[in-house]
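# Overview (structure and organization)
Listed here are the chains, written in short residue letters.
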Amino acid sequence: MSQTTNVKIHPSWKTVLKDEFEQPYFSVIKQAILKDKQAGHTIYPPGSLIFNAFDSTPFEAVKVVILGQDPYHGPGQAHGLCFSVQDGIAKPPSLENIFKELQEDMAIDVPNSGNLQRWADQGVFLLNAALTVRKHQANSHKDIGWHKFTDAVIRKLSDEREGLIFLLWGGFAKKKASLINTLKHHVLTSGHPSPLSANKGYWFGNKHFSKTNEILTNQGLKPINW
C-alpha cells in the first residue's frame, strides 16, 4: 500500500483494491500527477481528497453508485465526490439540474449547499471515472490511467456485492454498463444532467431518486434521504 500512504481512503477499499494499487499502471498515474505539479499545474481535488468517495463510503456500505466523468476544474469546487461541490461554492449547472429533478421527483427543496457529502454518508458512492484534473482543463487526466483503475472499482462492486443500484447518466456513463452484472444489480440510465442534455428532454422526468428508494425499500434496505 505504499502507493496510497499519503491519501485518506477507508481500510475496506484498501483491502479490496490492494492488487490495483500494486499494478504498474498505478505508478504511472502517480508519476503523471507529479509531473504536472512540477510543471506548475494546479491539480484538483487536493491530494488528501482524491479518494474522498472511497473514504466516505466503505465498500460494504455502498448501496447506490453514481458515476461522473471528471472532477470539476474550477478553484474550490472538486472534493472527490462526483457532481458535488464544497460548501460555499456556487452550484454548477449539472448539479442545479440534479436538484431540480429531485425537487420534481420527490418534492425535496433545493438545498443551499451543493455538498453531497450527506449522500455519501448514506451509501451513495459518488465515483468519477478520472479522479484528478488540471485546473481549468476538463478531462486533462482522462488518459493517465484513472479509467483503468475506476473500471476495476466498478467490476469489484459488481462481482463482490449484490443488489446495488447503478445510476448511469449520459453516454459516457452508460458505456460502463458492460462492466456490471445486471443479473444481480440494478442499472438505471438517462441523459446527462448538463444543460446541453437536460434541456433537450433527456434528463428531467427520469425519477431516478424515487426509483432508487423503491428498489432499496423492496430489498429491505433503508432508503436514501436525498
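Placed above this text is the structure.
Everything in this summary refers to the structure shown in the same document.

What counts, and where the lines are drawn
- Residues numbered from 1 in each chain as written.
- Predicted model: local features only at pLDDT ≥ 70, side-chain atom pairs only at ≥ 80, totals over all residues.
- Heavy atoms only, no water.
- Helix = DSSP H or I, 4+ residues; strand = E, 2+ residues; numbered from the N terminus.
- 1 Å grid on protein atoms, 1.4 Å probe; cavity = no way out; pocket = protein on both sides within 12 Å on 5 of 7 lines; lining within 4 Å.
- Points joined across faces, edges and corners; volume = space filled by probe spheres on them.
- Nonpolar A, V, L, I, M, F, W, Y, C, P; charged D, E, K, R; others polar.
- Pairing = 2+ DSSP bridges.
- Axes fitted to C-alpha atoms, helices over the stretch in contact; angles between N-to-C directions.
- Contact = heavy atoms within 4.5 Å.
- Buried < 20%, exposed > 50% of the residue type's maximum accessible area, 1.4 Å probe, protein only.
- Expected span 1.5 Å × (residues − 1).
- Salt bridge = Lys/Arg side-chain N within 4 Å of Asp/Glu carboxyl O.
- Polar contact = N/O pair within 3.5 Å; in protein donor to acceptor, adjacent residues only side chain to side chain.

With an omega dihedral of -10°, the bond running from Tyr-44 to Pro-45 counts as a cis peptide bond. Among the secondary structure elements, Pro-45 is positioned in the loop between strand 1 (43–44) and helix 4 (52–56). For Ala-107, which is not a glycine, the phi torsion comes out positive at approximately 55°. If you trace the backbone, Ala-107 turns up in the loop between helix 5 (93–106) and helix 6 (117–120). Of note in the backbone geometry, His-136 takes a positive phi value of approximately 65° without being a glycine.

Below, the discussion takes up the layout of surface pockets. In this structure, the largest pocket encloses a volume near 340 Å³. Forming the walls of the largest pocket are 22 residues, and the residues nearest its centre are Asp-70, Tyr-72, Phe-83, Ser-94 and His-192. Among the residues forming the lining of the largest pocket, the class breakdown is 10 nonpolar, 11 polar and 1 charged.

Attention shifts here to the sheet that holds strand 5 (residues 165–169). The sheet built from 4 strands is open, its strands ordered 3-2-5-6 with parallel pairing. On the outer flanks of this sheet lie strand 3 (124–128) and strand 6 (186–190), each paired with one strand and no other. Each strand axis lies, on average, 20° off the axis of its neighbour in the sheet, ignoring direction. Pairing of strand 5 with strand 6 involves 5 bridges; the strand directions are parallel. Looking at the pairing, Leu-167 lines up with Leu-188 of strand 6. In this fold helix 7 (residues 146–160) packs onto strand 2 (64–68), strand 3 and strand 5, with an angle of close to 155° to the strand it touches most, strand 3. Together, strand 2, strand 5 and strand 6 form the strand contacts of helix 10 (residues 208–218), whose direction differs from that of strand 5 by roughly 165°.

This next bit is on the pairing of strand 3. Extensive coverage of strand 3 is indicated by the burial of 5 of its 5 residues. Covered by surrounding structure in strand 3 are Val-124, Leu-126 and Asn-128 together with Phe-125 and Leu-127, the residues of both alternating faces. Where strand 2 and strand 3 come together, 5 bridges link them in parallel fashion. If you follow Val-64 over to strand 3, its bridge partner there is Val-124.

In a regular helix each residue adds 1.5 Å, so 15 residues correspond to 21 Å; helix 3 (residues 24–38) covers 21 Å between its end C-alpha atoms and thus fits that length. Looking at the buried side of helix 3, the elements it contacts are helix 2 (18–21), strand 1, strand 4 (133–134) and helix 7.

Here we come to the pattern of salt bridges. In total, this model carries 6 salt bridges according to the counting rule given. Two residues, Lys-156 and Glu-160, come together in a salt bridge whose shortest N-O distance is 3.6 Å. With Lys-156 and Glu-160 both in helix 7 and 4 residues apart, the pair spans about one turn of that helix.

Time to look at the side chain of Lys-176. As for its placement among the helices and strands, Lys-176 is situated in the loop between helix 8 (171–174) and strand 6. Given the relative accessible area of 10%, Lys-176 is considered buried. Among the polar contacts listed, one links the side chain of Lys-176 to the side chain of Asp-151, at a separation of 2.7 Å. Discounting chain neighbours no more than four positions away, the residues touching Lys-176 are Leu-67, Asp-151, Ile-154 and Leu-168.

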